[in-house]
Amino acid sequence: MNILIYGASSRIAHECARLWARDGHALVLAGRSALRLEPVAADLRVLAASPESVRTLAWDLADEATLRQRFADEDARAGGFDLLLVAHGWLPEQAAAQRDPAVLRETVEANALSVAQICEAAAGVFEARRRGTIAVIGSVAGDRGRQSNYLYGASKGFVERYCQGLRNRLHAAGVAVVLVKPGPTDTPMARQLARPGRLADPRDVARDIVRAIDRRQAVVYTPGPWRWIMTVIRWIPERAFVRLKL
Ligand SMILES: NC(=O)c1ccc[n+]([C@@H]2O[C@H](COP(=O)([O-])OP(=O)(O)OC[C@H]3O[C@@H](n4cnc5c(N)ncnc54)[C@H](OP(=O)(O)O)[C@@H]3O)[C@@H](O)[C@H]2O)c1
């Protein structure tokens, strides 16, 4: 497969890329910072059958005017992507996002707007080609608004509804849309949240993601028990939920 990963410096994405590199897939590692992508690429080139099958791409998604053409150009250069994994995300300090309008805006831009922007670029190309998979990393935080992280959670909630609509649109063209909902995972993003013992291993999360993509699964919770935990959380009546300190 030809795989484009946006947010390839993310720990979860890096672990996915390790699995794909070992299996001989070609990888384009994209993200906002070339500096942050290079160590990931160096690691993957050791695992890959040929070092040329891994390259990096510094790309700022805020550059809306060139975004779609850039995707089309990179797609052509790669010989046609089979898979786009959108892995970037940013967890702000909730109090700062409540206090500061600029942090609020950045939260929505980083976790929602930029995700839709790159997915729309891929959707047009994959739909015309009538094949491909778009996989997006959302979060369990998108399943219900909670006082501890509702601005991040709302952005991930947007991602869920967005993926649902995109999946519906692309189904007829044979293009799959996979939404991944990790629980708290041991990566730089989550270390501020919980004690390491309570965080999932990103290697396990990556295995779940790669399997879900292979199966073209619509939605995957990872680790698996989060599916049941979030079912319970979603079903708590609102009049009881408002009293909880979550
Ligand atoms: N870790 C968890 O507990 C957890 C739980 C649920 C969902 N998730 C989701 O999983 C995905 C991967 O995160 P991770 O846990 O692997 O975190 P991570 O290792 O901290 O990586 C975060 C990634 O997002 C990129 N990024 C941050 N802000 C960005 C922006 N404004 N524009 C473009 N890229 C930006 C970072 O790029 P730089 O390297 O350039 O900074 C980095 O590649 C994210 O979507 C996250 O929301 C994580």
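One structure accompanies this document, and this report is about it. (Residues numbered from 1 in each chain as written. Predicted model: local features only at pLDDT ≥ 70, side-chain atom pairs only at ≥ 80, totals over all residues. Heavy atoms only, no water.)

Let us now look at the nonpolar core. The nonpolar side chains of a soluble globular protein tend to be buried with one another. Counting 33 residues, the largest nonpolar core has Leu4, Trp59, Phe71 and Ile134 as the members making the most contacts within it. If you list the elements that add at least two residues to this core, you get β1 (2-6), β2 (26-31), α3 (64-78), β4 (83-86), α5 (101-129), β5 (133-137), α6 (150-170) and β6 (176-182). No other element matches the nine residues that α5 contributes to this core. In this structure Trp59 touches Leu4, Tyr6, Gly31, Arg32, Leu67, Arg70, Phe71 and Ile118, once residues within four positions along its chain are discounted. Residues Cys16, Val54, Ala206 and Val220 belong to the second largest nonpolar core, which totals 32 residues. (Core = buried A, V, L, I, M, F, W, Y, C linked by side-chain atoms within 4.5 Å. Buried < 20%, exposed > 50% of the residue type's maximum accessible area, 1.4 Å probe, protein only. Helix = DSSP H or I, 4+ residues; strand = E, 2+ residues; numbered from the N terminus. Contact = heavy atoms within 4.5 Å.)

Now for the site of the ligand. Residues in close proximity to the ligand total 26 residues, the closest being Ser9, Arg36, Tyr152, Thr185 and Thr187. The separation between an oxygen atom of the ligand and a polar main-chain atom of Thr185 is 2.7 Å. At 3.2 Å, a backbone N or O of Met189 approaches an oxygen atom of the ligand. Broken down by secondary-structure element, the contributors of at least two residues to the shell around the ligand are α1 (11-22) and α6. Within the shell around the ligand, the residues separate by chemical class into eleven nonpolar, eleven polar and four charged. (Near = heavy atom within 4 Å. Polar contact = N/O pair within 3.5 Å; in protein donor to acceptor, adjacent residues only side chain to side chain. Nonpolar A, V, L, I, M, F, W, Y, C, P; charged D, E, K, R; others polar.)

Here the focus is the sheet that holds β6. Taken in spatial order, the seven strands line up as β3-β2-β1-β4-β5-β6-β7 in an open sheet, and their pairing is parallel. Of all strands in the sheet, those with a lone pairing partner are β3 (54-58) and β7 (219-222), marking the two edges. Strand-to-strand, the axes of this sheet are offset by a mean angle of 15°, without reference to chain direction. Bridging between β2 and β3 involves five bridges; their strand directions are parallel. In the sheet register, Val28 faces β3, and the bridge partner there is Arg55. The strands touched by α3 are β1 and β3; relative to β3, the strand with the most contacts, the crossing angle is about 165°. (Pairing = 2+ DSSP bridges. Axes fitted to C-alpha atoms, helices over the stretch in contact; angles between N-to-C directions.)

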